[in-house]
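If you want the building blocks of each chain, they are given just below.
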Amino acid sequence: MKFGYFDDERKEYVITSPRTPLPWINYLGCESFFSLVSNTCGGYSFYKDAKLLRLTRYRYNNVPFDSNGHYYYIKDGDTIWNPGWMPCKTELDSYLCRHGLGYSTFESSKNGLAATLTAFVPLGAACEINKLSMTNETSSVKSIDLFSYVEFCLWNAMDDMTNYQRNFNIAEVEVHGSEIYHKTEYRERRNHYAVFAVNDAVSGFDTDRDAFLGPYGENSAPKAVCSGESGNSTAHGWAPVGSHHLKLKLEPGEKKELIFILGYVENEQNQKWSGLNEINRAPALAMLNRFNSVEKADFALKELSSHWETLLSRFTLHSTEDKLDRMVNVWHQYQCMVTFNMSRSASYFESGIGRGMGFRDSCQDLLGFVHLIPDRAKERILDIAATQFQNGGAYHQYQPLTKRGNAEVGNGFNDDPLWLIAAAAAYIKETGDFSLLDEQVPYDNNMDVATDFMEHLRRSFHYTLDHLGPHALPLIGRADWNDCLNLNCFSKEPGESFQTYGPSKGPVAESIFIAGMFVRYGKEYVHLCKHKGLTEEAALAENAITDMEKAVIDYGWDGEWFLRAYDAHGQKVGSNECEEGKIYIEPQGFCAMAEIGKEQGLCHKSLDAVKQYLDTKYGIVLLQPCYTKYHLELGEITSYPGGYKENAGIFCHNNPWVSIAETVIGRGNRAWQVYTRTCPAYLEEISEIHRTEPYVYSQMIAGKDAPTFGESKNSWLTGTAAWTFVNVSQFILGIRPDYHGLIIDPCIPPTLQAFQVDRIFRNIHYHIQVHNPDGVEKGIIQLMVDGKVISENTIPYDPSMVGKTVNITAVMG
Ligand code: GLC
Ligand code: GLC
């Protein structure tokens, strides 16, 4: 069953019922100010950091679900309704929610009044704009009362929901006409406030939540709205809100448009005040002045859409598959932007207060984003590297605002350092900018010990070599990619964090997954060493990689597939010898991508085993058989009921690894099957089972052992976004950046007879046509560049073509 449809022309997903199985959300903002907005207008805003600078309040896990947001109430006679249906839930005569690129539009009507609400965050400003249009479609005059409503958060979202003995005393606001200012803590250590304004005269306002809602009131029936009168309240402590009241008279056919702006403003320390306890509003007024008319707001929205047009023009596909085209051209890339911006911080499943930016997560997110805005990717790589330790290890997470490593979670996740090599290689391949390697970058934010970035990579690579176990395989530490395989944890008490409890270091627990990473990204490191003329180091690294391959083949092969790990007792994990958890997906994907044992047929065998033991109609599960008991020696992975999360869920993130690995051995059909099974657009028809948004990936789909097989959770913020885009663009369609040019190497199902890609790569426009007359899965028999046949499948970068178009024709066969 569907709850909407894709509007490919407008690059939107259009939701046709507010009663989606779960809130289906969108992200507004792509620079510093962000809002989450659901299909019923739920959500919240923050500036840069969802934990430390939250503007509006949201209550996770609330009842009813998703019942706080930026709301507009329309009181038309006795009927009170909202353009996004919530929170009044008044039955609407019509309803649509269009989630587009950086904006969401709600189109609804009730009793002959049509409302259109468009929410977006403009480029280059720290605010959200809400344009609300109302049209009287009846033949008589309508007098309506309109109320806006946001609930302010006292900035630190964690403190805001825990520290009431203080927080009920500190709220402060200032009201000037139609501008409501939230200035809690501005008198003391903060230099920022929020403003919520409308571009028209108001007949009343509220800033005190209890005054607006009434004693024991609810946002589904606020006292002010029901009575048609604002309280003109000033918040002193308790819960500050912003609500405007406008009385509007609409003649038959008349349309009225209003611009509401919610903004974040900072002042210099010596310019905080304009009078006694009166904030300096000048920068706020300047911001409001930029957008406070319909023309100005419309212009800002146009700018935003051309920004997206430009970004997406860097990779466009025309094929015979609608669903593939819409994913590649819009939704994959869009989700990559969001995961790049958010890492795992703020979604409807990630509360914004837990994790900041993840070291491994952000490095991977970058893989799918780097082609969009390479400069921002570079900046991010340097930020991440600056949280690395001198021994090459890394803080597992850091806070986006402070860019400091998070000491509570600490380090010791032994895959982390290698992801930095992956990110750096991707950036250099995209841009050709080797100067990244020469940047001076601190360790643990200490500039005194800074080295060039190349040295960071050296330490990343050697971190693995400095942490080898008894089989000469990498020690796992607290965990590798799988945060829940905690082989050195041994937690017995409820509540202990599996990720931080226990010694973190064990003498023997080893990861075959990290071995696969080491081989794959080690090869990139070798390339970079050679580029820098570091021949000795390159030779050393090549030998280390060969040794690692040997160790995997000797000790990491189980007969039919790659082992997952050795535990702290030296016992095998992910082996046929195990009772549960005999086979895991991660080492199959990664070791095959790294081509370990390819000649001996190990890659084929391991991928066949994946198909045989881990496949389901909704994707590949993480392991089989699922764990039914808690295993002290394995940790969190065995804490989940079977079929959920890392315990045999379909953890979407590693499905593309298998798909990529299939392209490495040339099986285009199978790569395609793996790709489409978890691909949102291909799941749209089963939205009642899948339940999360049909336009973006979720972290997990319940596996076949789960009672809710096929149901997904944790949408939006997942490494799946980057990896699936890398998979489909670089390996299935096969348009792959390399250090010295662009590789054309498709691996497709024979049903895809031809396709065309336009790719902007290092400021050259490549217009690429691929023909597959014989319906093969892989292999190019002829490649023509501007009419000339070339013998390799890499189109060398030619700087004289910058700003021009290169025409490529590739014939498969
Ligand atoms: C989560 C984490 C990611 C980890 C994965 C598997 O998505 O953000 O870092 O690799 O789970 O445990
Ligand atoms: C939990 C989740 C895992 C995530 C981790 C982050 O263990 O199951 O997916 O990566 O938390 O700390």
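Structure first, text after, so check above.
Presented here is an overview of the structure given in this document.

Reading guide: rules and limits
- Residues numbered from 1 in each chain as written.
- Chains lettered and ligands numbered in written order.
- Predicted model: local features only at pLDDT ≥ 70, side-chain atom pairs only at ≥ 80, totals over all residues.
- Heavy atoms only, no water.
- Helix = DSSP H or I, 4+ residues; strand = E, 2+ residues; numbered from the N terminus.
- Rg over C-alpha atoms; globule rule 2.2 N^0.38 Å.
- Buried < 20%, exposed > 50% of the residue type's maximum accessible area, 1.4 Å probe, protein only.
- Contact = heavy atoms within 4.5 Å.
- Areas by Shrake-Rupley, 256 points an atom, 1.4 Å probe, with all protein chains shown as cover.
- Lys, Arg positive; Asp, Glu negative; His and termini not counted.
- Charge placed at Lys NZ, Arg CZ, Asp CG, Glu CD.
- Polar contact = N/O pair within 3.5 Å; in protein donor to acceptor, adjacent residues only side chain to side chain.
- Near = heavy atom within 4 Å.
- Phe/Tyr/Trp six-rings, centres within 6.5 Å; stacked < 30°, edge-to-face > 60°.
- Pairing = 2+ DSSP bridges.
- Patch = residues over 30% accessible without salt bridge, like charges linked within 9 Å, V, L, I, M, F, W, Y side chains within 5 Å.
- Salt bridge = Lys/Arg side-chain N within 4 Å of Asp/Glu carboxyl O.
- Disulfide = S-S within 2.5 Å.
- Nonpolar A, V, L, I, M, F, W, Y, C, P; charged D, E, K, R; others polar.
- Axes fitted to C-alpha atoms, helices over the stretch in contact; angles between N-to-C directions.
- Core = buried A, V, L, I, M, F, W, Y, C linked by side-chain atoms within 4.5 Å.

## Quick look at the overall build of the protein
Counting its secondary structure elements, the protein contains 20 helices and 44 strands. The globule rule puts the C-alpha radius of gyration for 813 residues at 28 Å, and the 28 Å found for the protein is close to it. Counting only C-alpha atoms, the protein reaches 80 × 60 × 55 Å along its principal axes. Out of the 813 residues in the protein, the part that is buried amounts to 64%. Sequence separation of 24 or more characterises 68% of the internal contacts of the protein that already satisfy a separation of 6 or more. Of the roughly 28,300 Å² of accessible surface on the protein, 49% is carried by carbon and sulfur atoms. In the protein, 74 side chains carry a positive charge and 101 a negative one; their mean positions are 1 Å apart.

## What about the environment of Thr638?
Topologically, Thr638 is positioned in the loop between β33 (623–624) and β34 (650–651). Once the C-alpha coordinates of Thr638 and Val202 are considered, the two residues, 436 residues apart in sequence, prove to be 58 Å apart. Setting aside residues up to four positions removed in sequence, Thr638 forms contacts with Tyr627, Lys629, Tyr630 and His631. A distance of 2.9 Å separates a polar atom in the side chain of Thr638 from the backbone nitrogen of His631.

## Section: the site of ligand 1
The environment of ligand 1 is formed by Arg344, Arg355, Arg360, Asp361, Trp481, Asn482, Asp483, Glu646, Phe651 and Gln699. Arg355 is positioned with one of its side-chain polar atoms (N or O) 2.8 Å from an oxygen atom of ligand 1. At a separation of 3.0 Å, an oxygen atom of ligand 1 approaches a polar backbone atom of Asp483. With the chains in place, 97% of the 300 Å² that ligand 1 exposes on its own is no longer accessible.

## Some thoughts on helix α14 (residues 585–593)
For α14, a buried count of 9 out of 9 residues is recorded, marking the element as mostly surrounded by other parts of the structure. Among the residues of α14, Ile585, Glu586, Pro587, Gln588, Gly589, Phe590, Cys591, Ala592 and Met593 are the ones counted as buried. Backbone geometry just downstream of α14 places Glu595 in the positive-phi region, at approximately 60°.

## Overview of the packing of aromatic side chains
In the structure shown here, the tally under the stated rule is 51 aromatic pairs. Measuring from centroid to centroid gives 4.9 Å for Tyr186 and Trp273, while their planes differ by 70°, and the two rings are edge-to-face. With Tyr186 in the loop between β15 (179–182) and β16 (192–198) and Trp273 in strand β20 (residues 273–275), this pair connects stretches of sequence that are 87 residues apart. Given a relative accessible area of 33%, Trp273 falls into the partly exposed group. Aromatic side chains Tyr695 and Trp716 sit 6.2 Å apart centroid to centroid with 70° between the ring planes, which places their arrangement in the edge-to-face category. Pair noted here: Tyr695 is in the loop between α19 (687–690) and β35 (698–701) and Trp716 is in the loop between β36 (712–715) and α20 (720–732), with a separation of 21 residues, a long-range link. A relative accessible area of 0% means that Tyr695 is categorised as buried. Residue Trp716 is classed as buried on the basis of its relative accessible area of 0%.

## Focus: the sheet that holds β36
Reading across the sheet, the 3 strands line up as β34-β35-β36 and stay open at both edges, with antiparallel pairing between neighbours. Strands with a single pairing partner mark the edges of an open sheet, and in this sheet they are β34 and β36.

## Here's the deal with a nonpolar patch on the surface
A surface patch of nonpolar side chains, about 410 Å² in accessible area, is lined by Met161, Tyr164, Phe168 and Trp238. Note that Trp238 resides in the loop between α4 (223–227) and β18 (240–250).

## Observations regarding the state of the cysteines
For the coordinates displayed, the defined rule picks out 0 disulfides. Lacking any disulfide linkage, Cys489 is separated from the closest cysteine sulfur, that of Cys484, by 11 Å. As a non-bridged cysteine, Cys578 has Cys626 as the owner of its nearest cysteine sulfur, 14 Å distant. When its relative accessible area of 15% is taken as the criterion, Cys578 is described as buried.

## What about unusual backbone geometry?
The omega angle of the peptide bond from Met86 to Pro87 is 0°, so this bond is cis rather than trans. Within the secondary structure, Pro87 is located in the loop between β8 (79–81) and β9 (94–99). Between Gln624 and the following residue, Pro625, the backbone shows a cis peptide bond with an omega angle of -25°. With phi around 60°, Lys48 is a residue other than glycine that occupies positive phi space.

## Points about the site of ligand 2
Looking at ligand 2, the residues that line it are Arg355, Asp483, Cys484, Gln499, Glu636, Tyr640, Lys645, Glu646, Phe651 and Gln699. The separation between an oxygen atom of ligand 2 and a polar side-chain atom of Asp483 is 2.7 Å. Within the side chain of Glu636, a nitrogen or oxygen atom sits 2.8 Å from an oxygen atom of ligand 2. Alone, ligand 2 offers 300 Å² of accessible surface; in the complex the protein occludes 81% of this. Classifying every residue of the shell around ligand 2 gives 3 nonpolar, 2 polar and 5 charged.

## Overview of the sheet that holds strand β19 (residues 255–266)
Within a sheet, each strand pairs with its neighbour through backbone hydrogen bonds, oriented either parallel or antiparallel. One open sheet holds the 10 strands; their spatial order is β1-β2-β9-β10-β11-β12-β19-β16-β15-β14, and the pairing between them is antiparallel. Looking along the sheet, the strands with just one partner apiece sit at the ends: β1 (4–7) and β14 (173–176). On average, adjacent strands in this sheet sit at an angle of 15° to one another, irrespective of strand direction. Taken together, the 6 bridges between β9 and strand β10 (residues 103–110) define a ladder with antiparallel strand orientation. For Leu96, the partnering residue across the bridge sits in β10 and is Glu107. Running over the sheet, helix α5 (residues 282–291) touches β12 (127–136), β15, β16 and β19 and is turned about 145° from β19.

## A short note on the nonpolar core
One broad rule of soluble globular proteins: the nonpolar side chains tend to lie buried together. With 255 residues, the main nonpolar core has Met134, Leu146, Trp419 and Phe453 as its most contacted residues. Of the residues forming this core, the biggest block, 12 residues, is contributed by helix α12 (residues 512–531). Apart from residues no more than four positions distant in its own chain, Phe453 is found in contact with Ile381, Leu382, Ala385, Leu420, Ala424, Leu436, Leu437, Glu439 and Val441.

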